[in-house]
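Residues per chain, in single letters:
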Amino acid sequence: MKILITGGAGYIGSHTCIELLKSGFDIVVMDNYSNSSPEVIGKIETLAGKKFPAYECDMLDYDGFEKIFQENKIDAVIHFAGLKAVGESVEKPLEYYHNNLTGTLNLFRLMKQYGVHKFVFSSSATVYGMNNQAPFTEEMPLSATNPYGWTKYMIEQITRDACRADPEMKAALLRYFNPIGAHPSGLIGENPNGIPNNLMPYIMKVAVGKLPMLHVYGDDYPTPDGTGVRDYIHVCDLATGHVKALEALGSISGARAFNLGTGTGSSVLDVVHAFEKASGVKIPYQIDPRRAGDIATCYADASRAKAELHWEAKYSLSDMCRDNWNFIQKNS
């Protein structure tokens, strides 16, 4: 089975490529390297012990995109590619809607033209919006608070409609919670440019002296220590979830949503203290006012993924911090 991975050189995509290759799948990677590096391809090949075709291509380049389908017999698609910074999406909504939605529509047109009926989508827990109470279940009402979130919401809807229109189409909508961690080898992980948007990359930059301190937004939430609680999941667990979803597509009817999380919440300060323990490095932090749009508590009910995909998270928060520290030491 040959799987097209859009955004396959990115943080989650690269780890998923390794798990797919280890599981015996053939892969084709497409990435425009806007938020990744071509060097990652060689690292994936090193870790998996296999070579594979990789194309530098943008989803908006329809002709370039089609060339991939022309040159490879694609059996299924795992779709990671897209712009993903929440704050930037508020500043550049039209760019986010155009890139994420038009790019995905191009993909669906090509899948239809070339007879590809299996689809796994990289969605997000952001589609649960502001008004649901944790733990989040897949049947809760959906909404979003920013253009990035709305693109995830809309792509889920487009996928459901495409599946209704074509009975052969099977899709898994994977709603991620908060991926952290890195490959245990330390070869690949998350290392964004500039000031990170997410907690763990920020902590890592503080740990190696690239940023002076961590900013913690709010310590007056109704949580055990007052800081926001999130469901952190190891990126390798997340990668395994994609393999399991792909393997389960034959038994899925239409489009089916699955939460990928641990089912356990950890506060910002829980993560800080776990990282300090794993690294031996003190992380200075400053309490700042709450950010607009942040909710107090967000964690998954992941029982559907366990029952239907035979998947559950295995790594602990201390494992995630250990692997992050190993990665940043080798790549800072």
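As a reminder, the structure under discussion sits directly above these lines.
This write-up is about the structure you can find in this document. Because the structure is a prediction, the values reported are computed rather than measured.

Attention now goes to the overall build of the chain. When helices and strands are counted, the chain shows 11 helices and 14 strands. Computed over C-alpha atoms, the radius of gyration of the chain comes to 19 Å, within 12% of the 20 Å expected from 2.2 N^0.38 for 332 residues, which places it in the range of a compact globule. Dimensions of the chain, computed from the C-alpha atoms along their principal axes, are close to 55 × 40 × 40 Å. Taking all contacts inside the chain whose residues are at least 6 apart in sequence as the whole, residues at least 24 apart take part in 79%. For the chain, the accessible area works out to roughly 14,200 Å², and carbon and sulfur atoms hold 50% of it.

What follows deals with the side chain of His 183. Mapped onto the elements of the fold, His 183 is located in the loop between strand S7 (178–180) and helix H7 (199–207). Of the polar contacts made by the side chain of His 183, one reaches the side chain of Ser 185; its length is 2.8 Å. With residues near it in sequence (within four places) discarded, His 183 still touches His 15, Ile 18, Leu 47, Ile 188 and Cys 236.

This paragraph deals with the pairing of strand S2 (residues 26–31). Buried residues dominate S2, accounting for five of its six residues. In this sheet, S2 lies alongside strand S1 (residues 2–6) in parallel orientation, the contact comprising five bridges. Pairing of Ile 5 across the sheet is with Val 29, part of S2. Taking the sense of rotation as the criterion, the β-α-β connection linking S1, helix H1 (residues 11–22) and S2 turns out right-handed. Where S2 lies against strand S3 (residues 54–56), three bridges are found, and the strand directions are parallel. When the sheet's bridge partners are listed, Val 29 is paired in S3 with Ala 54.

Turning our attention to the packing of helix H3 (residues 62–71) against helix H5 (residues 93–113). Here H3 crosses H5 at 35°, and the two axes come no closer than 10 Å. Remark: the crossing between H3 and H5 carries right-handed chirality. In contact with Tyr 62, Phe 65, Glu 66 and Phe 69 of H3, H5 contributes Gly 103, Asn 106, Leu 107, Arg 109, Leu 110, Met 111 and Gln 113. Of the residues belonging to the contact of H3 with H5, the class tally is six nonpolar, three polar and two charged.

The rules behind each value
- Residues numbered from 1 in each chain as written.
- Predicted model: local features only at pLDDT ≥ 70, side-chain atom pairs only at ≥ 80, totals over all residues.
- Heavy atoms only, no water.
- Helix = DSSP H or I, 4+ residues; strand = E, 2+ residues; numbered from the N terminus.
- Rg over C-alpha atoms; globule rule 2.2 N^0.38 Å.
- Contact = heavy atoms within 4.5 Å.
- Areas by Shrake-Rupley, 256 points an atom, 1.4 Å probe, with all protein chains shown as cover.
- Polar contact = N/O pair within 3.5 Å; in protein donor to acceptor, adjacent residues only side chain to side chain.
- Buried < 20%, exposed > 50% of the residue type's maximum accessible area, 1.4 Å probe, protein only.
- Pairing = 2+ DSSP bridges.
- Right-handed = clockwise from strand over helix to strand, strands pointing away.
- Axes fitted to C-alpha atoms, helices over the stretch in contact; angles between N-to-C directions.
- Left-handed = near helix turned anticlockwise from the far one by under 90°.
- Nonpolar A, V, L, I, M, F, W, Y, C, P; charged D, E, K, R; others polar.

Read these as layout, nothing more, since geometry by itself doesn't imply function.
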